[in-house]
Amino acid sequence: MTAGNERMTLYVAFNYGGRAEIVDAAARYKGGGEEAFQECLYAPEMTDPDILIRTSGERRLSNYLLWQCAYSELVFSDKLWPDFHKDDLAAALDEFAVRERRFGAR
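### Description of the environment of Leu-80
Working step 1: On the secondary structure map, Leu-80 appears in the loop between strand E2 (73–76) and helix H3 (86–97).
Working step 2: A sequence separation of 22 residues divides Leu-80 from Glu-58, and the C-alpha atoms of the two residues are 9.8 Å apart.

Here it is in structure tokens:
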């Protein structure tokens, strides 16, 4: 059913830690700047998320995609993940849509 899907790629991370990913990448890194470092990450083809939606009322990244979320917009929801529904996603995307994205120094 999803064979023709070209709009989104889903990554599932089991037993994942952002710090461990960075340490592992640093051990393989031979120099050459950010792009060369990114090639050492677990999924180098993954694009950086534009938005990270954190559920459960927590206001932290929890060691998740630390490298990739450097310029992501963060949206927080007090809802627990099982209770996060389509209308909650729409509200998060509406909040994201009105933000002025600034990427700082790269």
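### Some words on the packing of aromatic side chains
Working step 1: The tally for this structure, following the rule as stated, stands at six aromatic pairs.
Working step 2: Between Phe-37 and Trp-67, the aromatic rings sit 4.7 Å apart at their centres with planes inclined by 40°, giving tilted as the arrangement. Placement of the pair is Phe-37 in helix H2 (residues 34–38) and Trp-67 in the loop between strand E1 (51–54) and E2, with a sequence separation of 30 residues.
Working step 3: A residue is classified by how much of its surface remains accessible, and Phe-37, at 10% relative accessible area, is buried.
Working step 4: Where Trp-81 meets Phe-84, the ring centres are 6.0 Å apart and the plane angle is 20°; that geometry is what we call stacked.
Working step 5: Given a relative accessible area of 14%, Phe-84 falls into the buried group.
Working step 6: By way of ring pairs, the aromatic residues Tyr-16, Tyr-42 and Tyr-64 are connected into one cluster.

Quick notes on the rules
Counting of residues starts from 1 at the beginning of each chain's written sequence and follows it residue by residue. Restriction of local features to residues with pLDDT of at least 70 applies here, the model being predicted, together with a cutoff of 80 or more for giving and counting side-chain atom pairs; totals for whole chains, interfaces and linings are based on all residues. By convention in this description, side-chain values take in all heavy atoms of the structure and omit both hydrogens and water. Comment: elements are numbered from the N terminus, with helices defined as DSSP H or I runs of at least four residues and strands as E runs of at least two. Between rings of Phe, Tyr and Trp, where Trp is taken as its six-membered ring, a pair exists when centres lie within 6.5 Å; planes separated by under 30 degrees are stacked, by over 60 edge-to-face, and by other angles tilted. Buried means the residue's accessible area, taken with a 1.4 Å probe over protein chains only, is under 20% of the maximum for its type, while exposed means over 50%, and partly exposed covers the values in between.

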